[in-house]
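Take a look at the letters that make up each chain.
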Amino acid sequence: MDYALEAIMPRIFSNTLRRRQLDTLLKPPLLRTLKRPPKGWIREVRNALGMSAAQLASRMGVSQPTVAKLEHTEADDAITLRSLRKAALAMDCELVYAFVPNTSLESTLETQALQRAATLLRRVEHTMALEAQGRGDAGEAEVKELAQEMIRTLIRDIWAEAS
């Protein structure tokens, strides 16, 4: 094997392996567990492609220091979507931007509605007690009923801050 080829083989193997790993990581079912690499996606994908910062800069129509700055701002969570999209395009990638709920949206809404319903019913009970119209503690059934009504009508008061 030619010495020059032998010298670059480990890098080619490493880049091929990394590309395969990234391809596996970027499949939609794994989106929930996908975390940004410590140095950012721009640098990770650029390195996996075996592309230098200067080569990426040329493809983006910017200077090499601009690419370095983009990589740093991405790692610091300060990059713009426009810059990410431009870098992705230059590496033949598509920028995918999404919010991935920690639980289902239905569960999030139900939890918030239950908390808000309990708060509202406690206020009513407090006011009635002050007016000597005590009616006892709101039961779990009342809280659930109010929460379900709030969800059914999707009133924005569900998200009001407790005061």
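Each remark here, short or long, concerns the structure printed above.
Report follows, based on the coordinates. (Residues numbered from 1 in each chain as written. Predicted model: local features only at pLDDT ≥ 70, side-chain atom pairs only at ≥ 80, totals over all residues. Heavy atoms only, no water.)

1. Notes on the overall build of the chain
Right, on to step 1. Each helix and strand in the chain was counted, giving seven helices and zero strands.
Right, on to step 2. Across the chain, contacts joining residues at least 24 apart in sequence account for 60% of those joining residues at least 6 apart.
Right, on to step 3. Carbon together with sulfur atoms contributes 57% to the accessible area of the chain, which is approximately 11900 Å² in total. (Helix = DSSP H or I, 4+ residues; strand = E, 2+ residues; numbered from the N terminus. Contact = heavy atoms within 4.5 Å. Areas by Shrake-Rupley, 256 points an atom, 1.4 Å probe, with all protein chains shown as cover.)

2. Regarding the packing of helix H3 (residues 53-60) against helix H5 (residues 81-90)
Packed helix pairs are specified by the crossing angle of their axes together with the interaxial distance, meaning the distance between the axes.
Right, on to step 1. With their axes 9 Å apart at the nearest point, H3 and H5 run at an angle of 105 degrees to one another. Classified by the angle their axes make, H3 and H5 are roughly perpendicular. In this structure, H3 uses Leu 56, Arg 59 and Met 60 to contact H5, whose residues at the interface are Ser 83, Lys 86, Ala 87 and Ala 90.
Right, on to step 2. Within the contact of H3 with H5, the residues separate by chemical class into four nonpolar, one polar and two charged. (Axes fitted to C-alpha atoms, helices over the stretch in contact; angles between N-to-C directions. Parallel < 35°, antiparallel > 145°, perpendicular 65-115°, else oblique. Nonpolar A, V, L, I, M, F, W, Y, C, P; charged D, E, K, R; others polar.)

3. Notes on unusual backbone geometry
Right, on to step 1. Even without being a glycine, Asp 77 presents a positive backbone phi close to 60 degrees.
Right, on to step 2. Looking at the element boundaries, Asp 77 is found in the loop between helix H4 (64-75) and H5.
Right, on to step 3. Relative accessible area serves as the criterion here: at 62%, Asp 77 is assigned to the exposed category.
Right, on to step 4. The phi torsion at Asp 92 lies on the positive side, around 55 degrees, for a residue other than glycine.
Right, on to step 5. Looking at the element boundaries, Asp 92 is found in the loop between H5 and helix H6 (105-130).
Right, on to step 6. What makes Asp 92 exposed here is its relative accessible area of 71%. (Buried < 20%, exposed > 50% of the residue type's maximum accessible area, 1.4 Å probe, protein only.)

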